[in-house]
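Overview (structure and organization)
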Amino acid sequence: MPPPSSSLMGHRWSRYYLYTTREVPGDAEVVSHRLMARAGMIKKLAAGIYTYAPLARRTIGKLEAIVRAEMEKAGGVELLMPAIQPASLWQESGRWEQYGKELLRIRDRHQRDFCFGPTHEEVVTDLVRGDVKSYRQLPILLYQIQTKFRDEVRPRFGLMRGREFLMKDAYSFHTSEESLRETYELVCRAYRGIFDACRLDYTMVEADTGSIGGSSSHEFMVLASTGESAVVSCRACGYAANVEKAEAPKSAAQAAAGGGADELRQVATPGLRTIGEVSKALGLEPRELVKTLLYEADGKPVAVAVRGDHEVNEIKLQNALAATEVRLADDAAVERATGAPTGFLGPVGLAPDVPLWADHAARGLASFGCGANRADAHYVGAQWGRDAEPTAWADLRLVRGGDPCPRCGATLEESRGIEVGHTFMLGVKYSAAMGAGFTDERGATHPLIMGCYGLGLGRTMAAAIEQNHDEHGIIWPLPLAPFQVLLVSLNPNDEAVRRQSDELYDALCARGVEVLYDDRDERPGVKFNDADLVGIPIRLVVGGKSLARGEVELSLRRDREKHAIPVAEAVTKTLESLSPLEG
Ligand code: ATP
Ligand code: MG
């Protein structure tokens, strides 16, 4: 039997670096953040910047191994690119201007601009354009596991939305859309493999492509009430999408009732700005009103009209306008652009130089109530065509649970999720901008067709805790557990207990079991509380009284049921209880 010190499998808590605490950080809003902090797994250095203490590092190591195994199965090849990237590459792709404040920009001693990579499309495209020339070298799937930096507006939830975080990012290069789709499928299968291996309850949904760009995109969402993303899904046909992306049904025919009258008439509505107030005053349902908001798209005013009971989806709006940034105009800007105060805008008689984008669902209204573009007045009986005509119709509204499914018409359900992975069919966005091409069989040159695939390791670890905990602490699924077995010596000063515990520790380590050995000189109560908090799946307790009967105690963290077993069977029984958890 090898001496314990030569084993990589085990650690004695007394010599390990693990300090639990009762203190919950003031900014810990979600359970995974609270538990990771209390279990001594993470330590905050600055907003959104954390040290992964040894326990967290071990779990991340498990996750890395799972990710690598699945990515290699999908044909991925691992590399490691620099975290610091020259601005020139981002200028080539056009993102130096576009990416905004999340990009941490750095200047070196020669006054040259760099950034700390938030993602690596530019760097990988630069790499590949240097090496790949011919269709014969394609397809390629490259991946890395690396630290990213994004200067998030609101870093929060611990590792879930950090500024510095670990990501597995992958990039693929192809000669055709078909080849891209094949690899895309393989990576999505790898992602399913990864989240299955982590025992997570997740779903794959259609997603917006955001600042990364491209044509098609999916997100992997771990279902949790604390998730920052809202997801709608249809039980009937399986459609599932992030609400940022979810399409409204095409038919504008979900016509609401008419707006009460068919003659356009102005009504005094002094001080009434909200849909609720206006609806009451006009005697119309919110769905019989048209709500008009003023946005600034890349600084230019655009009016947006949706039905009174709907909300604007700003991502759809940004995409429809092909804008880099859209934001709601402030009161002063509303007055300046329209001559009317906020709350009284409408499609009828809107300032002619302000384009009006209207949502398809508003089109279904035979007549409607709306703001009159002057203070304290609304119209009733307005009609499209006769009284107002938008610049363009588009799908601009936020889809919610209860809305009809855009595919089959059944009712959508809404849930919350944590986005742990994101896949994109990029197309030629980066390769065309950066001149990364290949020659085909006939010697003609084309831009490489690309895909990219991200997965957050810290966020996945946090998501696993969101789904696996109780009031006492973390309950690690075995594949992510920092250690498999927690061996607790209840009376380390009792010679017999110490000797027996040491023996079990050596024996388990020798069998390849990852053991954390709580040999600390602490009260049993402290040890049991820490054991529950840290959440190692299997617990083996050696105490003076039971040892005198020739017994130790085995329990699983998940059910905390204690089983007395003969000392002689401790190792076998521990191994036996590991295997179903592995299965
Ligand atoms: P979000 O919408 O949550 O900001 P994103 O769309 O910006 O995410 P991607 O650019 O697709 O994220 O990044 C890929 C993966 O990296 C995400 O699915 C997530 O797991 C992880 N990730 C992104 N931002 C963060 C962050 N601030 N902290 C931790 N993990 C992150
Ligand atoms: Mg983001």
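This report concerns the structure included in the present document.

Calculation criteria
Residues numbered from 1 in each chain as written. Chains lettered and ligands numbered in written order. Predicted model: local features only at pLDDT ≥ 70, side-chain atom pairs only at ≥ 80, totals over all residues. Heavy atoms only, no water. Core = buried A, V, L, I, M, F, W, Y, C linked by side-chain atoms within 4.5 Å. Buried < 20%, exposed > 50% of the residue type's maximum accessible area, 1.4 Å probe, protein only. Helix = DSSP H or I, 4+ residues; strand = E, 2+ residues; numbered from the N terminus. Contact = heavy atoms within 4.5 Å. Near = heavy atom within 4 Å. Polar contact = N/O pair within 3.5 Å; in protein donor to acceptor, adjacent residues only side chain to side chain. Nonpolar A, V, L, I, M, F, W, Y, C, P; charged D, E, K, R; others polar. Pairing = 2+ DSSP bridges. Phe/Tyr/Trp six-rings, centres within 6.5 Å; stacked < 30°, edge-to-face > 60°. Lys NZ or Arg CZ within 6 Å of the ring centre and 35° of its normal. Axes fitted to C-alpha atoms, helices over the stretch in contact; angles between N-to-C directions. Parallel < 35°, antiparallel > 145°, perpendicular 65-115°, else oblique.

**Overview of the nonpolar core**
- With 67 residues, the main nonpolar core has Met41, Tyr191, Phe195 and Trp476 as its most contacted residues.
- Here this core takes eight residues from helix H6 (residues 177–197), the largest share from any one element.
- Setting aside its immediate chain neighbours within four residues, phenylalanine 195 contacts Leu200, Tyr202, Phe220, Val420, Gly421, Leu455 and Thr460.
- Grouped together as the second largest cluster of nonpolar side chains are 27 residues, Ala305, Ala337, Val354 and Ala382 included.

**What to know about the site of ligand 1**
- In the region of ligand 1, 15 residues are neighbours, and Glu152, Arg161, Gly162, Glu419 and His422 sit closest.
- The separation between an oxygen atom of ligand 1 and a polar side-chain atom of histidine 422 is 2.9 Å.
- If you list the elements that add at least two residues to the shell around ligand 1, you get strand E9 (164–174), strand E22 (413–427) and strand E25 (449–456).
- Of all the elements, E22 adds the most residues to the shell around ligand 1, at four residues.
- For the shell around ligand 1, a count of residues per class yields five nonpolar, five polar and five charged.

**Brief notes about the sheet that holds strand E32 (residues 562–566)**
- Reading across the sheet, the six strands line up as E1-E29-E28-E30-E31-E32 and stay open at both edges, with mixed pairing between neighbours. Since the sheet does not close on itself, it has two edges, and those belong to strand E1 (11–12) and E32, each with one partner.
- Pairing between strand E28 (residues 485–489) and strand E29 (residues 515–518): four bridges, direction parallel. Residue pairing for E29: valine 488 is matched across the bridge by aspartate 518.

**What to know about the side chain of asparagine 373**
- Relative to the helices and strands, asparagine 373 is located in the loop between strand E19 (368–371) and strand E20 (377–382).
- The exposure class of asparagine 373 is buried, given its relative accessible area of 10%.
- Apart from the residues lying within four places of it in its own chain, the contact partners of asparagine 373 are Ala340, Phe344, Leu345, Gly346, Val348, Gly349 and Leu350.

**Quick word on the packing of aromatic side chains**
- Throughout the structure, instances matching the rule amount to 13 aromatic pairs.
- Each ring, one from tyrosine 17 and one from tyrosine 19, has its centre 5.1 Å from the other, and the planes form 90 degrees; the classification is edge-to-face.
- Taken together, the aromatic side chains of Tyr191, Phe195, Tyr202 and Phe220 make up a single cluster linked through ring pairs.
- In this structure, arginine 520 is placed above the aromatic ring of tryptophan 13, and the distance from its NZ or CZ to the ring centre is 3.8 Å.
- One cation-aromatic arrangement involves lysine 562 over phenylalanine 528; the distance from NZ or CZ to the ring centre is 5.7 Å.

**A short note on the packing of helix H2 (residues 54–73) against helix H12 (residues 457–467)**
- With their axes 10 Å apart at the nearest point, H2 and H12 run at an angle of 105 degrees to one another. With respect to each other, H2 and H12 are oriented roughly perpendicular. Of H12, the residues touching H2 (which contributes Ala56, Thr59, Ile60, Leu63 and Glu64) are Leu457, Gly458, Thr460 and Met461.
- Considered class by class, the residues forming the contact of H2 with H12 number five nonpolar, three polar and one charged.

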